[in-house]
Amino acid sequence: MGKEMYVSGNRVEWEKALGLNSARLPADGVYRAQTTLTNPIERKLRLIAAANSPVTLKLNGQIVIECNETLEFMPAYHRAPQEQWVELTLEAGSHQIEVEAIRNGCPLEVYILPVALQDTTSPGSCYYYTDILLG
């Protein structure tokens, strides 16, 4: 059953929706969240789903990131493992984002990060796009 929640950043806070701290999620298992990503202009970008667990990210119903293993956790804009990001051209407008992560003994850490490509002169490589809204 779904529950609505609001978060102020780019970290998915399942424990906030449940009224718990991150170490007290009720059980191991699959956790899912969805939101709207609003992009003001068409552009190429890197979409990152940095996680400390297996993670899948869907954009408009299509799987664009599918990382089936637990990798070194790096919630930095420029350092996510290759299995946890995709580069694409995103049209202007609203897009549905769905993320799924598997909790297995550790508190979940998942960040959704829309950033500039490494070979970008403006605004700069690995720049976090502050004009792309999640929510």
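Just so you know, these numbers come straight off a predicted model, no measurement behind them.

A tally of regular secondary structure across the protein gives one helix and eight strands. Counting across all 135 residues of the protein, residues that qualify as buried make up 41%. Within the protein, contacts between residues separated by at least 24 positions form 67% of all contacts whose residues are at least 6 apart in sequence. Split by element, the accessible area of the protein, about 7,800 Å² in all, is 47% carbon and sulfur.

What follows is about the pairing of strand β4 (residues 62-67). Judged from the five bridges that link them, strand β3 (residues 55-59) and β4 form a sheet pairing that is antiparallel. Residue pairing in the sheet places L57 in a bridge with I65 of β4. Remark: two residues form the turn of the hairpin made by β3 and β4, two consecutive strands paired antiparallel; N60 in that turn has positive phi of roughly 55°.

So, about the sheet that holds β3. Reading across from one edge, β4-β3-β6-β1-β8 is the order of the five strands in this open sheet, with antiparallel pairing throughout. At either margin of the open sheet sits one strand with a lone partner, and together these are β4 and β8 (133-134). Sheet analysis places strand β1 (residues 29-39) next to β8, joined by two bridges and oriented antiparallel. Note that in β8 the partner of L37 across the bridge is L134.

This part covers the pattern of salt bridges. By the definition in use, this model includes five salt bridges. In this structure, R11 and E109 form a salt bridge, with 3.1 Å as the shortest nitrogen-oxygen distance. In this pair, R11 sits in the segment before α1 (14-18) while E109 sits in the loop between β6 (93-103) and β7 (110-115), placing the two residues 98 residues apart along the sequence. Since its relative accessible area comes to 14%, R11 is described here as buried.

For the rest of this paragraph, the subject is the sheet that holds β7. With antiparallel pairing, the three strands of this open sheet are ordered in space as β5-β2-β7. Edge positions in the sheet fall to β5 (85-90) and β7, since each has one partner strand and no second. If you compare each strand with its neighbour and ignore which way they point, the axes differ by 20° on average. Here strand β2 (residues 43-51) runs beside β7; their pairing, made up of six bridges, is antiparallel. Residue L47 lies in a different strand from β7, and its bridge partner there is P114.

Quick look at the nonpolar core now. A general trend in soluble globular proteins is that nonpolar side chains are found buried together. Membership of the largest hydrophobic core comes to 25 residues, with the highest contact counts inside it found for W14, L47, V99, V110 and I112. Within the residue set of this core, elements represented by two or more residues are β1, β2, β3, β4, β5, β6 and β7. I48, A80, Y111 and L113 belong to the second largest nonpolar core, which has six residues in total.

The subject of this paragraph is the environment of R11. Sequence separation of R11 and A51 is 40 residues, and the distance between their C-alpha atoms is 9.7 Å. Only 3.3 Å separates the side chain of R11 from the backbone oxygen of L108, close enough to count as a polar contact.

So, about the environment of R32. Among the structural elements, R32 can be located in strand β1. The spacing of R32 and I102 is 70 residues in sequence and 8.9 Å in space, taken between C-alpha atoms. Setting aside anything within four residues of it in sequence, one finds R32 in contact with W14, V99 and E100. Within the local environment of R32, its side chain forms a polar contact with the side chain of E100, the two groups lying 2.8 Å apart.

The share of residues in the protein with pLDDT of 70 or more is 79%, and the mean pLDDT across the chain is 83. Mean pLDDT values for the elements of the protein range from 75 in α1 up to 97 in β3.

Reading the values: the criteria
- Think of each chain on its own: its residues are numbered from 1, step by step along the sequence as written.
- Two thresholds apply to this predicted model, a pLDDT of at least 70 for residue-level local features and 80 or more for giving and counting side-chain atom pairs, whereas whole-chain, interface and lining totals are computed over all residues.
- Values reported for side chains reflect all heavy atoms of the structure, with hydrogen atoms and water molecules removed beforehand.
- We count a stretch as a helix when DSSP gives it H or I for four or more residues in a row; a strand needs E for two or more, and each element gets its number in order from the N terminus.
- A simple rule labels every residue: compare its accessible area, found with a 1.4 Å probe on the protein chains alone, to the largest value its type can have, and call it buried under 20%, exposed over 50%, or partly exposed in between.
- Residue contacts are defined here by distance: any two heavy atoms, one from each residue, within 4.5 Å place the two residues in contact.
- Here the open area of atoms and residues is found with the Shrake-Rupley method and a 1.4 Å probe, where only the protein chains shown may cover a residue.
- We treat two strands as partners when DSSP finds at least two bridges between them.
- Salt bridges are defined by distance alone: a side-chain nitrogen of Lys or Arg within 4 Å of a carboxyl oxygen of Asp or Glu.
- Axes here refer to lines fitted to C-alpha atoms; in helices the fit is confined to the stretch in contact. Angles between the N-to-C directions go from 0 to 180 degrees.
- Only buried Ala, Val, Leu, Ile, Met, Phe, Trp, Tyr and Cys residues count toward a nonpolar core, and they belong to the same one when joined by side-chain atoms within 4.5 Å.
- Identification of polar contacts relies on pairs of N or O atoms within 3.5 Å, with a donor-acceptor requirement for protein atoms, meaning one able to donate a hydrogen and the other able to accept it, and with residues adjacent in sequence counted only if both atoms are side-chain atoms.
- What pLDDT reports is the predictor's confidence in each residue, on a scale of 0 through 100.

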